[in-house]
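Fold and contact review
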Amino acid sequence: MSSSDIFIGETIGTAVLILLGGGVCAAVTLKRSKAQNAGWLAITFGWGFAVLTGAYLAGGVSGAHLNPAVTIGLAIEGGTKWSDVPLYLVSQLFGAMIGAVLVWLTYYGQFRAHLTDPEIVGAQTGEEGMVDKAAAPKAGPVLGIFSTGPEIRHAVQNLVTEIIATVVLVLAILTQGLNNEGNGLGTLGAMVTALVVVGIGLSLGGPTGYAINPVRDLGPRIVHALLPLPNKGGSDWGYAWIPVAGPLIGGAIAGGLYNIAFA
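Everything numeric in this text was worked out from a predicted model, so none of it was measured.

1. Overview of the packing of aromatic side chains
For any pair of aromatic rings, the description rests on two quantities: the centre-to-centre distance and the angle between the ring planes. As enumerated under the stated definition, the model contains six aromatic pairs in all. Relative to F49, the ring of F45 has its centre 6.3 Å away and its plane inclined at 45 degrees; by these criteria the two rings are tilted. Residue F45 and its partner F49 are both found in helix α2 (residues 40–62); the two are separated by four residues, about one turn of the helix. Under the relative-accessibility criterion, F45 is labelled partly exposed at 35%. Classification of F49 as exposed rests on a relative accessible area of 51%. Centroid distance W104 to Y108: 5.8 Å. Interplanar angle 70 degrees. Geometry classified as edge-to-face. For W104, a relative accessible area of 15% puts it in the buried group. On the basis of relative accessibility, which here comes to 41%, the residue Y108 falls in the partly exposed class.

Below, the structure written as structure tokens:
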């Protein structure tokens, strides 16, 4: 697999992953969206289909990691060369940022309608109607479209939740189609992974929003901070390390568990 294959596959696959995953969050969140208030079930299945589409597109080009936690797990397991890891990670982050920008472009009118709505603006402004930066919340009103946040802010619990959920994801990927010949599931693996992501979202996503992917959170959070969104509030950088560190730790643990229990 060449460097250009890795870069193209991971960039395009991750961009599509974030476009569809962030897109379902935007559809459920934003005013003047036909899917507003569709709920958690729509979000979990939307992310599952996002993984399915991104993995199917990139599978034959780069192996469709689309997630640094998966890349780390595969490197520890031995299926990915450590020398390729930095390129995977950079490509995934770049693709995630592209996907987040595409979500903004797709829902441009809905973002403006939502963020200029008096009910939304009222929570973000001071007495004179201008944005009160000192009083603005750590997480602005549309940050959840771009990245994750906890329902109960407890750093240890939030970190452990992300680690556990990511171990499930990466271990499920590493053990796909495991048999005496060591054959995988091929393109069917994308479907299995998508269903695992839906299951994680339904069962383990409640506390933190299940990032389970560092670039899924970090790339769009950077885009949120940079985009000219009116009254967007904060990007909650104080929490941002958890959905990066948790999945990376979880991916490493999953790779180690695979080598101990399945190799």
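There is more to say after this.
2. So, the environment of D236
The topology assignment puts D236 in the loop between α10 (214–226) and α11 (242–261). Note on D236: relative accessible area 5%, which makes it buried. Contact partners of D236, with chain neighbours within four places excluded, come to K138, A139, L143, R153 and R221.

3. Remarks on the nonpolar core
Membership of the largest hydrophobic core comes to 39 residues, with the highest contact counts inside it found for W47, F111, V142, I145, F146 and L229. Not counting chain neighbours up to four residues away, the residues in contact with W47 comprise L17, I18, G21, G22, V24, C25, V197, Y210 and R216. Judged by nonpolar contacts, the second largest core, of twelve residues, contains A69, L74, I163 and L174.

About the thresholds
- Residues numbered from 1 in each chain as written.
- Predicted model: local features only at pLDDT ≥ 70, side-chain atom pairs only at ≥ 80, totals over all residues.
- Heavy atoms only, no water.
- Phe/Tyr/Trp six-rings, centres within 6.5 Å; stacked < 30°, edge-to-face > 60°.
- Helix = DSSP H or I, 4+ residues; strand = E, 2+ residues; numbered from the N terminus.
- Buried < 20%, exposed > 50% of the residue type's maximum accessible area, 1.4 Å probe, protein only.
- Contact = heavy atoms within 4.5 Å.
- Core = buried A, V, L, I, M, F, W, Y, C linked by side-chain atoms within 4.5 Å.

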